[in-house]
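# Fold and geometry: a report
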Amino acid sequence: MKKVTITIAIIAVLTTSFLLFFNRNGAFAKESDATYVPGKKCRVCHIKIYKAQDKTPHANSYENLVDAGEETNEACLPCHVTGYGQPGGFEDAKSSKGLAGTTCQACHGPGSKHVEKGLSKEQRKETIQKTPKDACTKCHKTHEPHPDIGVKSLPSLKKEMERLQERINELEG
Ligand code: HEC
Ligand code: HEC
Ligand code: HEC
Ligand code: HEC
């Protein structure tokens, strides 16, 4: 009797792990395949886009957190850096080269498969998302109040307003 119970228990455990394993690999296959890579890796082959991206507000989204004194706040990092909490993604400014700010992989997803050596042009296309469905809305959410920017961010807002005022003065001559 005991042997039968043990055998059934073992089969149950094995079946459950098997199902869990498959479910994971099925449902998250695309996401778990690739991991985030240092931002500079995208530069080699996409230099023009890289330089253009560097001039957008997205490039400064981490610096704005620093100005606001919120660069370690977990509530802020998911939108203001790249791949926060994901394999290979941003951990801190020192160890995560080129992932501070809203950079390439924040929109296109993790790129480790895409940057592998010796791929054909077609394979490059297959290994990265061109236009993910939620490319913008995962961070730019409508009718969602900005999570407690709070008084700490006032200095950076003030700086930005001064910059805009200077620009207005410049345009008005
Ligand atoms: C070794 C060279 C190389 C590197 C490094 C590289 N790419 Fe690419 N990438 C290509 C090629 C080749 C194509 C496809 C051909 C084309 O569209 O010109 C491509 C296409 C793309 C596309 C468009 C896909 C499509 O469906 O048209 C995106 C988005 C992209 N790359 C993002 C990235 C990102 C993000 C990184 C950094 C993680 C990166 N690339 C690094 C070579 C590279
Ligand atoms: C990973 C999060 C994230 C994604 C994805 C994202 N953004 Fe942003 N975006 C931000 C953050 C954070 C800022 C604020 C940058 C700063 O600190 O000034 C911003 C700023 C901007 C601004 C400037 C707004 C202003 O008031 O100056 C524009 C325009 C913009 N994003 C457009 C887009 C578009 C279009 C897409 C999709 C193609 C997109 N964003 C995807 C996070 C994101
Ligand atoms: C859901 C995504 C998301 C989260 C979470 C988030 N932000 Fe933002 N943040 C954005 C976007 C998108 C913008 C740019 C659009 C805008 O100005 O509304 C932005 C803009 C800002 C700006 C203004 C930059 C400028 O140029 O004026 C500051 C400062 C800021 N965020 C700080 C924070 C802080 C501090 C937190 C955490 C308490 C935080 N953010 C959390 C998405 C986010
Ligand atoms: C704010 C989100 C966002 C960021 C950041 C971003 N991209 Fe894109 N990218 C897009 C969108 C949206 C498209 C247009 C896709 C389409 O036309 O379907 C695109 C298109 C592309 C293409 C296709 C070819 C082209 O010129 O249209 C390549 C290659 C590419 N991006 C590479 C990069 C690289 C490399 C970086 C970083 C230097 C980067 N992207 C940063 C959103 C982003």
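For the structure itself, look to the data block above.
Anyway, here's the lowdown on the structure attached to this text. In this numbering scheme, every chain counts its residues from 1 along its sequence in written order. To label them, take the chains in the order written and letter them from A, then take the ligands in the order written and number them from 1. Residues qualify for local features only when their pLDDT is at least 70, as the model is predicted, and side-chain atom pairs are given and counted only at 80 or more; totals for whole chains, interfaces and linings, by contrast, use all residues. Only hydrogens and water are removed before side-chain values are computed, so all heavy atoms of the structure are retained for them.

### Some words on the overall build of the chain
Secondary structure elements are defined from DSSP: runs of H or I of at least 4 residues count as helices, runs of E of at least 2 residues count as strands, and each element is numbered from the N terminus. Scanning the chain from N- to C-terminus turns up eight helices and zero strands. In the chain, the succession of helices and strands from N to C terminus is α-α-α-α-α-α-α-α. We call two residues in contact whenever any of their non-hydrogen atoms come within 4.5 Å of each other. In the chain, 49% of the contacts between residues at least 6 apart in sequence involve partners at least 24 apart. Accessible surface, the chain as shown: approximately 13800 Å² in total, 61% of it carbon and sulfur. Values of accessible area rely on a 1.4 Å probe in the Shrake-Rupley scheme; residue burial ignores everything except the protein chains shown.

### Some remarks on the coordination of the iron atom of ligand 4
Six octahedral donors at a metal ideally form angles of 90 or 180 degrees, and four tetrahedral donors ideally form angles of 109.5 degrees. Only nitrogen, oxygen and sulfur atoms count as donors, using a 2.8 Å cut-off from the metal that widens to 3.2 Å for Na, K and Ca. Water is left out, so coordination shells may look unfilled. From the protein, the iron atom of ligand 4 takes a single donor atom, His-108 (NE2), 2.0 Å away. By the element assignment, His-108 lies in helix α6 (residues 104–108).

### Concerning the packing of aromatic side chains
Pairing of aromatic side chains here covers Phe, Tyr and the six-membered ring of Trp, requires ring centres within 6.5 Å, and sorts the geometry by plane angle: under 30 degrees stacked, over 60 edge-to-face, intermediate tilted. Tallied over the entire structure, the rule returns one aromatic pair. Aromatic side chains Tyr-62 and Phe-90 sit 5.4 Å apart centroid to centroid with 55 degrees between the ring planes, which places their arrangement in the tilted category. Residue Tyr-62 is located in helix α4 (residues 61–67), and its partner Phe-90 is located in the loop between α5 (77–80) and α6; the two are separated by 28 residues in the primary sequence. A simple rule labels every residue: compare its accessible area, found with a 1.4 Å probe on the protein chains alone, to the largest value its type can have, and call it buried under 20%, exposed over 50%, or partly exposed in between. For Tyr-62, a relative accessible area of 12% translates into the label buried. In this structure Phe-90 comes out as buried when scored by relative accessible area, which is 2%.

### As for the site of ligand 1
Among the 16 residues in the neighbourhood of ligand 1, the closest are listed as Lys-41, Cys-42, Cys-45, His-46 and His-114. Note that a nitrogen atom of ligand 1 is positioned 2.8 Å from one of the side-chain N or O atoms of His-46. We call two N or O atoms a polar contact when they sit within 3.5 Å, provided that within protein one can donate a hydrogen and the other can accept it, with sequence-adjacent residues counted only if both atoms are side-chain atoms. The separation between a nitrogen atom of ligand 1 and a polar side-chain atom of His-114 is 2.8 Å. Each residue receives one of three labels: charged for Asp, Glu, Lys and Arg, nonpolar for Ala, Val, Leu, Ile, Met, Phe, Trp, Tyr, Cys and Pro, and polar for the others, Gly being one of them. For the shell around ligand 1, the residue count by class is six nonpolar, five polar and five charged. When we say a residue is near a molecule or strand, we mean one of its heavy atoms is within 4 Å of it.

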